[in-house]
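Results of the structural survey
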Amino acid sequence: MKVKNNIILALDVMNMKEATEICEKLEKDLDTIKIGYPLTLAEGLEAVSEIKETFNFKVICDYKVADIPATNSKICNQTFKAGADAIICHGFVGQDSVQACADEAGEFNAEVFLLTEMSHPGAKLFLQENADAIAKMGVDMGIKNYVAPATRINRLKEIREIVGKDAFIISPGVGKQGGDVKETLTYANAAIIGRSIYESDDSQKALKDFISLI
C-alpha cells in the first residue's frame, strides 16, 4: 500500500458531517484514512462506503479484529463488502484467527494489517511482552503489513528488525500521544495521526506542518 506524504489520518470522529468536512479540507494532501469504531458505531458501515464514493481515499478499518476464525471471517467479509481497502487485526488470538482475516481479504483483493503492539501505556502490561512473537508469527505466515507504536521508538525499531525491510509498517501515536513524525518514519512506512490534525483550529495547516517535518 502506498501512502501519500507518508501520513494516514485517523478519522475518529462521531458523525459523517464532521468526517466529510475534515476529508474535504485534507483530500489534497492525503490519500489514506483510518476509520475505527467511533465513526462506524455512530453511522454504520455506510460511513466506509460513503467516504469511498465521495473521496479518492484508501480506507483502513481499524477494528482490531480479535475473535475466533469463523467470527473474524464474518467481520472482515462485511467490512470489505462496504469497500474497505484494508483491516487491522490483533495477533494475540493466534495464527488461525489471523489467517481467517487474511483469507477473507484475499477474496476481495484487500489487505490485512497485523497489530503487534499498541501505542498507549497500558500496552506494556500484557501486549508488549508478546509483540515480538506476534511479529514473528506474521512473518512465518507471509503477512506483509504491520502496526507498531510510534510512542516507543525502540519497540518500533525492534519490530522492524523482525518483519524485515520489505514489510509495510504503519505507526500510531504521533502527535497527541507524544510520537515524533520524523523519528517514526525512520522505521515505519507511514505515521498515523488523528487528533493533532482534526482537532486543530486549522486542520490543513496542522497537516502541512507535519508534512514539513518529514
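For every chain, the first residue of its written sequence is number 1, and the numbers climb from 1 along that sequence. Totals for whole chains, interfaces and linings use every residue, but because this is a predicted model, local features are given only for residues with pLDDT of at least 70 and side-chain atom pairs only at 80 or more, for both listing and counting. Hydrogens and water molecules were not included; the side-chain quantities draw on all heavy atoms of the structure.

- Looking at an unreviewed UniProt entry, the chain carries the name Orotidine 5'-phosphate decarboxylase, with the source organism given as Methanobrevibacter woesei.
- UniProt positions are given in the numbering used here, feature names are shortened, and annotations may be inferred rather than shown by experiment. Quoted verbatim from the Catalytic activity (unreviewed entry) field of UniProt, the annotation for the chain is "orotidine 5'-phosphate + H(+) = UMP + CO2".

Notes on the sheet that holds strand 8 (residues 190-193)
- Here the rule is simple: two strands pair whenever DSSP picks up at least two bridges between them. Strands are runs of DSSP state E lasting at least 2 residues, helices are runs of H or I lasting at least 4, and numbering of each runs from the N terminus. Taken in spatial order, the eight strands close into a barrel running 1-2-3-4-5-6-7-8, and their pairing is parallel. Averaged over neighbouring strand pairs, the angle between their axes works out to 25 degrees when direction is ignored.
- Against the sheet, helix 5 (residues 95-107) makes contact with strand 3 (58-65), strand 4 (86-90) and strand 5 (111-115), and its axis sits at roughly 160 degrees relative to strand 5, the strand it touches most. A fitted line through C-alpha atoms represents every axis, and for helices the fit uses only the stretch in contact; the resulting angles, taken between N-to-C directions, go from 0 to 180 degrees. Contact criterion: two residues are considered in contact whenever any of their non-hydrogen atoms come within 4.5 Å of each other.

As for helix 10 (residues 203-213)
- Classification of residues uses two cut-offs on accessible area relative to the type maximum, computed with a 1.4 Å probe and protein chains only: under 20% is buried, over 50% is exposed, and between them is partly exposed. The set of residues buried in helix 10 consists of Ser203, Ala206, Leu207, Phe210 and Ile211. For helix 10, the angular spread of buried residues about the axis comes to 140 degrees, placing them on one side.
- Of the surrounding elements, those touching the buried residues of helix 10 are strand 1 (7-10), helix 1 (16-26), helix 8 (181-184), strand 8 and helix 9 (195-198).
- Regarding helix 10, its N-cap is aspartate 202, as a side-chain oxygen of that residue lies 3.3 Å from the backbone nitrogen of glutamine 204 further along. The directions considered for the arc run from the helix axis to the C-beta atoms. Polar contacts, as counted here, are pairs of nitrogen or oxygen atoms within 3.5 Å of one another; within protein the pair requires one atom able to donate a hydrogen and one able to accept it, and residues that are adjacent in sequence qualify only if both atoms are side-chain atoms.

Quick notes on the pairing of strand 4
- When you tally the buried positions in strand 4, you get five out of five residues, the bulk of the element.
- Here strand 4 shows a buried face lined by Ala86, Ile88 and His90 and a second buried face lined by Ile87 and Cys89.
- In the sheet, strand 3 pairs with strand 4 via three bridges, with the strands oriented parallel. Its bridge partner being in strand 4, valine 65 is matched across the sheet by cysteine 89.
- Each parallel crossover has a hand, and for strand 3 linked through helix 4 (residues 69-81) to strand 4 it is right-handed.
- The sheet contact formed by strand 4 and strand 5 spans five bridges and is parallel. Following the sheet pairing, cysteine 89 is matched in strand 5 by leucine 114.
- For a crossover, the right-handed case is the one in which the path from the first strand over the helix to the second runs clockwise, viewed with the strands pointing away from the viewer. Considered for its hand, the β-α-β crossover made up of strand 4, helix 5 and strand 5 is right-handed.

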